[in-house]
Every structure is written in C-alpha cells, then in structure tokens.
Amino acid sequence: MEEKKENGVAAMAACYQRFDPAAYLQYNYTPPRADFDRKDSIVPWKLACLHRAFNEGDMSGELLVDIGSGPTLYQVLSGCEVFDKVLLTDFLEVNRQELRHWLQDEGGCNLDWTPYLQHVCKLEGRRPSDWTKKAAKLRQVVTDILPIDVHRPQPLARDALPSAGADCLVSCFCLESVSPDLAAFTRALGHIGRLLRPGGHLLLIGALGESYYFGGPGVKIPVVPLNEAQVCDSLKESGYTLIRLEVYTLPQDMRVGVDDVTGVFFAKARKD
C-alpha cells in the first residue's frame, strides 16, 4: 500500500517536469478568466473572496504562508496588508524563479500584475493609483520563496518556520492538482496543517469537478475531481473547522479548453 502511495505521488511529480509558467499564466490569468470589468469572471471572484476573508477581523498574527504559490501572486495581495511577513512556496524551481523576477523587480515576468494590484486597491477602498504602494508593501513583507512538498509529513525544511507555526495559510489550486487521488489530497491537507498554529486559519481555493488541466502546450496534468462534500469531509478529517464555503460556477465562455473545471470553491477554516 505504501509503495502504491509513493508511486502515485512520484507519477504526479513527473507530470510537472514540463510545466510552463508562461503558458499557465496565459491560459488562466488573462481575459476572459481575468476580466476585471466582469463580475462573473473567475479572478475577480477569487480576489473578492480573499479580500473578505482577510478583512473580517478574526485574523491576526505575524506570519502568512502561501502553500504552492505556483507562478502567481494574486493570492497574497490582500493578506500582505494584514500580516507582517509572507512566505511563498512552490515545488518547482521554474515557479519560484517566476516569483523572484517580480519580487526583485528585475523584469522578465510572464504576466503584468498591475491590474490585479489596482483591483485589490479598489476592493480596499483605495485609489487604483495606489497600486505602486501595494506592490512596494508586498515586496517588503515577502521574506522568502521556499521549496515545498505537500506529500511529505514535514512539507517545509524544519527551520523554515517559527516553532509555534504560521498564523495563517493560503493555498490556491495546489493540493487537488498535485495529488493522485482523494486520499492523497486529504493527507496533504493534514501535512500542511502541521505548519499552522492551533487556532490559525486556512484559506483554500480549488477546482470542482476537474479531472485535468494543461500546464503548458501538450502538458496534460491529472487533477482529483472534487465535489463540495468531499472538500468539507477532507477538511474535517484533517483537523480543521469549516467557517465558510463559497462556490463559483463557471459560465460557458470561461470554459476555454485548457481544463475541464466546472466550478471553484473557496473555504475559510480554522485549525482545531
């Protein structure tokens, strides 16, 4: 049984060796999926969920850890105003390199994050022109970009976090996309929970009903197709209390052929 588990995880890791950050960003983080003039576009919905969750007054502390950042930054644009330190993580060096390009402000990024920064400023009641201040704040509070493996019981290097753990975790489209099956997804939720202090929060965004996505031209990556009940059960089994679950259903024109996702979930939970 253990060997079967390890083989499944190894097969998923092999799938990611041809992952192309530039193509992935183009597929998912440009219109129509990132159309800031449309209320029913995926990205504005995700940003609104994150903004609300981070600003309800029940989250505080010093350290926010983003689990499986991929080549994206949108998931910490609200959290960087609430927590003093933000730690980004990813399994792939190509994704960590993409994040470093932006954080070091050295050019060479495969996506312009300006419209994202402007949109979150508006959500916060600020002028869109304040995006430069938000960019500076994010660059100031991100302390590191580290390798992570959510399938290990200790996903980060032992000295990566303070002994008490992180105050909050955020993770978007990671666990279901790197797990060979539902059991591995649930185990990974438990593994990342060890990084979180008791009473700390988890913000989880993921795909519903998705069996694959393209991580680059011809790079078809299998996904665990989840439903809402499975998400709730996995959180409970892994030691979290669910605070809120929200669901977005993809309009037909958002189904652009780069995956077979039917919806997206947003979960806010607290570690028991």
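Higher on the page you've got the structure.
What you see is a predicted model; the values in this text were computed from it and never measured.

Basis of the calculations
- Residues numbered from 1 in each chain as written.
- Predicted model: local features only at pLDDT ≥ 70, side-chain atom pairs only at ≥ 80, totals over all residues.
- Heavy atoms only, no water.
- Buried < 20%, exposed > 50% of the residue type's maximum accessible area, 1.4 Å probe, protein only.
- Helix = DSSP H or I, 4+ residues; strand = E, 2+ residues; numbered from the N terminus.
- Pairing = 2+ DSSP bridges.
- Lys, Arg positive; Asp, Glu negative; His and termini not counted.
- Salt bridge = Lys/Arg side-chain N within 4 Å of Asp/Glu carboxyl O.
- Contact = heavy atoms within 4.5 Å.

A. Region of the structure containing the pairing of strand E5 (residues 196–208). Summarising burial for E5: ten of the 13 residues are buried, a large majority. Pairing analysis gives six bridges linking strand E4 (residues 166–172) to E5, with the strands arranged parallel. Of the residues in E5, the one forming a bridge with Ala 166 is Leu 196. Looking at chain direction, E5 and strand E9 (residues 263–271) are connected through eight bridges and run antiparallel. Looking across to E9, one finds that His 201 is bridged to Arg 270.

B. Seen up close, the pairing of strand E2 (residues 85–90). Burial analysis of E2 places five of its six residues in the buried class, which makes it a mostly covered element. As paired strands, strand E1 (residues 63–66) and E2 are joined by four bridges and run parallel to one another. In the sheet register, Leu 63 faces E2, and the bridge partner there is Lys 85. Two elements, E2 and strand E3 (residues 142–147), share five bridges in a ladder whose sense is parallel. Paired with Leu 87 across the strands is Asp 144, a residue of E3.

C. Region of interest: unusual backbone geometry. Pro 31 connects to Pro 32 through a cis peptide bond whose omega is 5°. Backbone geometry places Asp 105, a non-glycine residue, at a positive phi of 55°. Structurally, Asp 105 is set in the loop between helix H4 (93–103) and helix H5 (114–123). In this structure, Phe 173 is a non-glycine residue whose phi angle is positive, near 55°. With respect to the helices and strands, the residue Phe 173 is situated in the loop between E4 and helix H7 (175–178). You can call Phe 173 buried: its relative accessible area is 18%.

D. Inspection of the side chain of Glu 176 at higher detail. For Glu 176, the position within the fold is in helix H7. This buried residue, Glu 176, is left without a salt bridge; Lys 46 holds the nearest opposite charge, at 9.6 Å. Leaving out residues up to four positions away in the same chain, Glu 176 has contacts with Phe 185, Gly 206, Ala 207, Val 223, Val 224 and Leu 226.

E. Broad picture of the pattern of salt bridges. Evaluation of the coordinates by the stated rule reveals 22 salt bridges. The closest approach of N and O atoms between Arg 33 and Asp 259, which form a salt bridge, is 2.8 Å. Note that Arg 33 is positioned in the loop between helix H2 (21–28) and helix H3 (42–54) and Asp 259 in the loop between strand E8 (240–249) and E9, a separation of 226 residues in sequence. Like Asp 259, Arg 33 is buried. A salt bridge links Glu 81 to Arg 126, with the nearest nitrogen and oxygen atoms 3.2 Å apart. Of this pair, Glu 81 sits in the loop between E1 and E2 while Arg 126 sits in the loop between H5 and helix H6 (131–141), placing them 45 residues apart in sequence. Since its relative accessible area comes to 30%, Glu 81 is described here as partly exposed. Arg 126 sits in the partly exposed class, given a relative accessible area of 24%. Through salt bridges that share partners, Glu 81, Glu 124, Arg 126, Arg 127, Asp 130, Lys 133, Lys 134 and Lys 137 make up one connected network.

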